[in-house]
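# Tertiary structure, described
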Amino acid sequence: MSTSINALKLEDASGTSVIQRVLTTEASLAPLALRIPVGIIFAAHGAQKLFGAFGGYGLEGTGQFFESIGLTPGYLMALLAGGAEFLGGLALILGLLVRPSALVLAFTMLIAIVTVHLDKGLFMANNGYEFGLALLAISVALVFSGAGSFSVDRTLSRSSK
């Protein structure tokens, strides 16, 4: 597949731009049913890390925790994780750039599972990875499906054709 730069838009041999491929989504309601609640969960968890909202520890406390488990520098890692969760959650709620946002969130969940929860087993009662695994699975599903109906991505993909 050859690519060329045409009017600052990368295009493949069929003339489809990278932006169009990222935004394209089906007219299904299933991604909407996943995006809204998971977006709220991610945004709230990100707000805990970034701002200390909802009983969170903020950047300083989260950074200290990350340092204690070997994610260094802790403050930067807390900023990256919190930013990914907060901004990614908002993006899911809006249905804006859902595929790249969901990919970043999936990676964030994979790191959380491996570094914090895996050694505690599956169940949440033991601080296990079942909740992180569910969020990972939903994020991966959104990478493949796109934003679905009632999303900014769908509106933008229709207007860019």
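It should be noted that the structure appears before, not after, this text.
Okay, so let's go over this structure. Keep in mind the model is a prediction, meaning the values are calculated, not measured.

### Quick notes on the nonpolar core
Among the nonpolar cores identified, the biggest contains 14 residues, and V38, F42, L92 and L142 are the most heavily contacted of them. Broken down by secondary-structure element, the contributors of at least two residues to this core are α2 (30-51), α5 (98-117) and α6 (130-145). If one sorts the elements of this core by residue count, α5 sits on top with six residues. When neighbours within four sequence positions are excluded, V38 is seen to be in contact with L92, L135 and I138. L50, L59, F66 and A81 belong to the second largest nonpolar core, which has six residues in total.

### A look at the side chain of D153
Topologically, D153 is positioned in helix α7 (residues 152-159). Notably, D153 is buried but unbridged: the nearest opposite-charge side chain belongs to R99, and the N-O separation is 6.4 Å. Contacts of D153, omitting those with residues within four sequence positions, involve L23, G95, L96, L97, V98 and A147.

### Some words on the packing of α2 against α6
Interaxial distance between α2 and α6 falls to 10 Å at its minimum, and their mutual angle equals 130°. In terms of axis orientation, α2 runs oblique to α6. In this structure, the crossing between α2 and α6 has a hand that is left-handed. Listed contacts from α6 to P31, L34, R35, V38, I41, F42 and H45 of α2 are F131, L135, I138, S139, A141, L142 and S145. Taken together, the residues of the contact of α2 with α6 sort by class into ten nonpolar, three polar and one charged.

How each quantity is defined
Residues numbered from 1 in each chain as written. Predicted model: local features only at pLDDT ≥ 70, side-chain atom pairs only at ≥ 80, totals over all residues. Heavy atoms only, no water. Core = buried A, V, L, I, M, F, W, Y, C linked by side-chain atoms within 4.5 Å. Buried < 20%, exposed > 50% of the residue type's maximum accessible area, 1.4 Å probe, protein only. Helix = DSSP H or I, 4+ residues; strand = E, 2+ residues; numbered from the N terminus. Contact = heavy atoms within 4.5 Å. Lys, Arg positive; Asp, Glu negative; His and termini not counted. Salt bridge = Lys/Arg side-chain N within 4 Å of Asp/Glu carboxyl O. Axes fitted to C-alpha atoms, helices over the stretch in contact; angles between N-to-C directions. Parallel < 35°, antiparallel > 145°, perpendicular 65-115°, else oblique. Left-handed = near helix turned anticlockwise from the far one by under 90°. Nonpolar A, V, L, I, M, F, W, Y, C, P; charged D, E, K, R; others polar.

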